[in-house]
Amino acid sequence: MLKRKMMDVLVEWKMENGKKCLLLKGARQVGKTFIIREFAKQNYESIVEINFLTNPEFKDAFEGDLKMDELIKKISLRDGSLKFIPGRTLLFLDEIQECGNARTALKPIAEDGRFDCVASGSMLGIAYKTTSVPVGYEKQVEMYSLDLEEFLWALGYGDTEIRYMKEYFEKEERVPEFSNNAFLERSREYAIVGGMPSVVNIYVDTKNFGLVHREQEEIIASYLDDILKYAPISEKPKIRNCYLSVPAQLMKENKKFQYSLVKKGSGSKDFEGSLEWLRDAGLIKFCYNVSSPVFPLPAYNETGYFKVYLTDIGILNAMYGFDMKAEIYDNTLKGYAKGGIYESLIADILIKKNIPLNYYKPSEGQQEIEFLLTDKGSVIPMEVKSKNGKTVSLNEFIERFKPPYALKLISGNLGREGKKLTIPLYMAMFVRSTDGVRNNGN
């Protein structure tokens, strides 16, 4: 069984006083249903699970009066084996986007308080198929595919081994070459496999990259099918073409999203809505350029100037074709391709730590900082290098903006030069998710 950090989130929610219903949302196939079932097994005497997609007959139970006693009556009439035990039952409403009234019912369920309730669904359906939001009675949490640390757990790495690596990061000590090379190799495997649970399970069980690729292709096909199912008729081809253009966008030296790569001569008015749809589906994240690298960063977002990253690095690399896997594993990529893959790996790690994506590329000059983080009100530059070479952009940023420290991520080892801390790519997983990264010495 894959160990997921979401289990801790669910347990923390269960312990909250006066808790709301929990809505767990995310792209399809990231493991929402599985983790809720495991959580229920470990924490409740009984689970009442209703899947509105596979059991549409339960939709009628959410018509009319939505008080808890009425819901119990109508649900039990459809399945007499379900047990409602006050204080010891989890009500699990799966694929809730298929029943708008069920989301409306979260308010009376929370007000009643006798039963904990978790709902889940695809971000697409929740965004576009349910309209009644129980404000004040629903806590939303977004779930992603496995992150790098969860991937390492799946491969058999324990908390102790990962903690040792974190100590090198915190103490800014060079990592023993054997250990560093092993973790760099694991990070390349993660770039190939990604974090989709079904893909990770195949890799753990077989180590067969061919089977991994086939499963990834099926997931990509299912996402394209979702576009056909959920997208407005007039937008379907636009959304599909935007999604399929992302790999090409990230192979460019200037990775700013270019509408002309989707369709020659097009602009934002043609595809802006398509990108927003993909974001709402949980398939992409925007990384906004900022006009000035000043805290708070969102205040300086240039909304018309952005990059786009997929929310799973393995799916991205599968879209490049099977041969890309050998290039990544053998570390033989060169040029813009290598830089694009490394950037996307770091974006994947940051996304799954719920760190907003920002970068800095001023209108004048060639300077570009791939990612900007914040730490206690300071903006921290984070440059991703395909090789351990000069860091002209990072040096210029340090000279001009005087950050307390700066991060350079490479496929190499750890070291410090003045304010510039060089760390291996995998150490991005030790970046803090609260207000950015740790301050030097903390």
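Quick notes on the rules
- Numbering of residues begins from 1 in every chain and follows the order in which that chain's sequence is written.
- Only residues with pLDDT of 70 or above have their local features reported here, since the model is predicted, and side-chain atom pairs are shown and tallied only from 80 upward, although totals for entire chains, interfaces and linings are computed over all residues.
- Values reported for side chains reflect all heavy atoms of the structure, with hydrogen atoms and water molecules removed beforehand.
- Labels follow the DSSP assignment, with helices taken as runs of H or I lasting at least four residues and strands as runs of E lasting at least two, numbered in each case from the N terminus.
- We take the radius of gyration over the C-alpha atoms and set the globule estimate at 2.2 Å times the residue count to the 0.38 power.
- Burial here depends on accessible area, computed with a 1.4 Å probe over protein chains only, as a share of the maximum for the residue type. Under 20% is buried, over 50% is exposed, and the range in between is partly exposed.
- Note on definitions: a residue-residue contact is assigned when non-hydrogen atoms from the two residues lie within 4.5 Å.
- The Shrake-Rupley method, run with a 1.4 Å probe, gives the accessible areas here. Residue values count only the displayed protein chains as cover.
- Any two strands with at least two DSSP bridges between them are considered paired.
- Working definition: a ring pair exists when centres of Phe, Tyr or Trp rings (six-membered ring for Trp) sit within 6.5 Å. Plane angles under 30 degrees give stacked, over 60 give edge-to-face, the rest tilted.
- Charge-over-ring contacts are defined here by two conditions on Lys NZ or Arg CZ: a distance within 6 Å of the ring centre and an angle within 35 degrees of the ring normal.
- On a range of 0 to 100, pLDDT expresses the predictor's confidence in each residue.
- Note on terminology: a nonpolar core comprises buried Ala, Val, Leu, Ile, Met, Phe, Trp, Tyr and Cys residues joined through side-chain atoms within 4.5 Å.
- Two kinds of site are reported from a 1 Å grid over the protein atoms alone, namely cavities, where a 1.4 Å probe fits but cannot get out, and pockets, open sets with protein on both sides within 12 Å along at least five of seven lines, and residues are called lining when an atom falls within 4 Å of a point.
- Grid points are joined across faces, edges and corners, and a volume is the space filled by probe spheres set on the points.
- Residues were grouped as follows: Ala, Val, Leu, Ile, Met, Phe, Trp, Tyr, Cys and Pro as nonpolar; Asp, Glu, Lys and Arg as charged; and all remaining residues, including Gly, as polar.

*Asks:* Would you explain the overall build of the chain in this entry?
*Replies:* A tally of helices and strands in the chain yields 17 helices and 13 strands. For the chain, whose C-alpha radius of gyration is 23 Å, the value lies close to the compact-globule estimate of 22 Å for 442 residues. If one aligns the C-alpha atoms of the chain with their principal axes, the spans along those axes are about 70 × 55 × 45 Å. Here the chain holds 442 residues, and 55% of them are scored as buried. Taking the intrachain contacts of the chain between residues at least 6 apart in sequence as the baseline, contacts between residues at least 24 apart amount to 70%. Only carbon and sulfur atoms are counted for the fraction: they give 49% of the accessible area of the chain, which is about 19,200 Å².

*Asks:* In this structure, what is going on with the pairing of strand S13 (residues 420-424)? I would like to understand it.
*Replies:* Side-chain direction in a regular strand flips from residue to residue, so the side chains alternate between the two faces of the sheet. By the criterion of burial, S13 is predominantly enclosed, with 5 of the 5 residues buried. Side chains of S13 alternate between two faces, with Lys420, Thr422 and Pro424 and Leu421 and Ile423 buried alike. Bridge count for strand S11 (residues 406-410) against S13 is 5 bridges, and the pairing is parallel. The residue of S13 that forms the bridge with alanine 406 is lysine 420. Two successive antiparallel strands, strand S12 (residues 415-417) and S13, enclose a turn made up of 2 residues, where glycine 418 displays a positive phi of approximately 60 degrees.

*Asks:* Teacher, can you tell me more about the pairing of S11 here?
*Replies:* For S11, the buried fraction is high: 5 of the 5 residues fall into the buried class. The side-chain alternation of S11 yields two buried faces, one formed by Ala406, Lys408 and Ile410 and the other by Leu407 and Leu409. In this structure, strand S10 (residues 378-384) lies alongside S11, joined through 3 bridges in parallel fashion. Looking at the pairing, glutamate 383 lines up with lysine 408 of S11.

*Asks:* Quick question: what am I supposed to make of the packing of aromatic side chains here?
*Replies:* The description of two aromatic rings rests on the distance between their centres and on the angle between their planes. Evaluated as defined, the whole model comprises 21 aromatic pairs. Taking the centre distance of 5.3 Å and the plane angle of 40 degrees together, the rings of phenylalanine 183 and tyrosine 426 count as tilted. Taken together, the positions of phenylalanine 183 in helix H9 (residues 177-193) and tyrosine 426 in the segment after S13 put the pair 243 residues apart, joining distant regions of the chain. Above the ring of tyrosine 203, the side-chain terminus of lysine 207 is found at 5.5 Å from the ring centroid.

*Asks:* Can you walk me through the confidence of the model for the chain in this structure?
*Replies:* Low-pLDDT stretches of the model should not have their predicted coordinates read in fine detail. In this model, the chain carries an average pLDDT of 92, and 96% of its residues clear a pLDDT of 70 or more. Note that residues 436-442 has pLDDT below 50 and, in this model, 26 contacts with residues that lie over four places away or in other chains.

*Asks:* Where do I start with the nonpolar core in this structure?
*Replies:* When a protein is soluble and globular, its nonpolar side chains tend to lie buried together. Formed by 110 residues in total, the largest nonpolar core has its most connected members in Leu275, Trp277, Leu278, Ile346, Phe371 and Met382. Looking at which element gives the most residues to this core, the answer is helix H16 (residues 335-351), with 9 residues. Val48, Phe52, Leu71 and Ile109 belong to the second-largest nonpolar core, a separate cluster that totals 27 residues.

*Asks:* Mind showing me how you'd approach empty space enclosed by the protein here?
*Replies:* Gaps left between atoms are located by rolling a probe of water-molecule size over the structure's atoms. Scanning the entire structure with this criterion turns up 6 cavities of 30 Å³ or more. Lining of the largest cavity is provided by 15 residues; of these, Ala27, Tyr223, Gly282, Thr311 and Asp312 occupy positions nearest its centre. Per-class residue counts for the lining of the largest cavity are 10 nonpolar, 3 polar and 2 charged. Looking at the second largest cavity, its volume works out to about 80 Å³. Lining the second largest cavity we find 13 residues, and of these Arg188, Ile328, Asn331, Ile341 and Tyr342 sit closest to its centre. Elements represented by at least two residues in the lining of the second largest cavity include exactly H9, helix H15 (323-329) and H16. It is H16 that contributes the most residues to the lining of the second largest cavity, 4 residues altogether.

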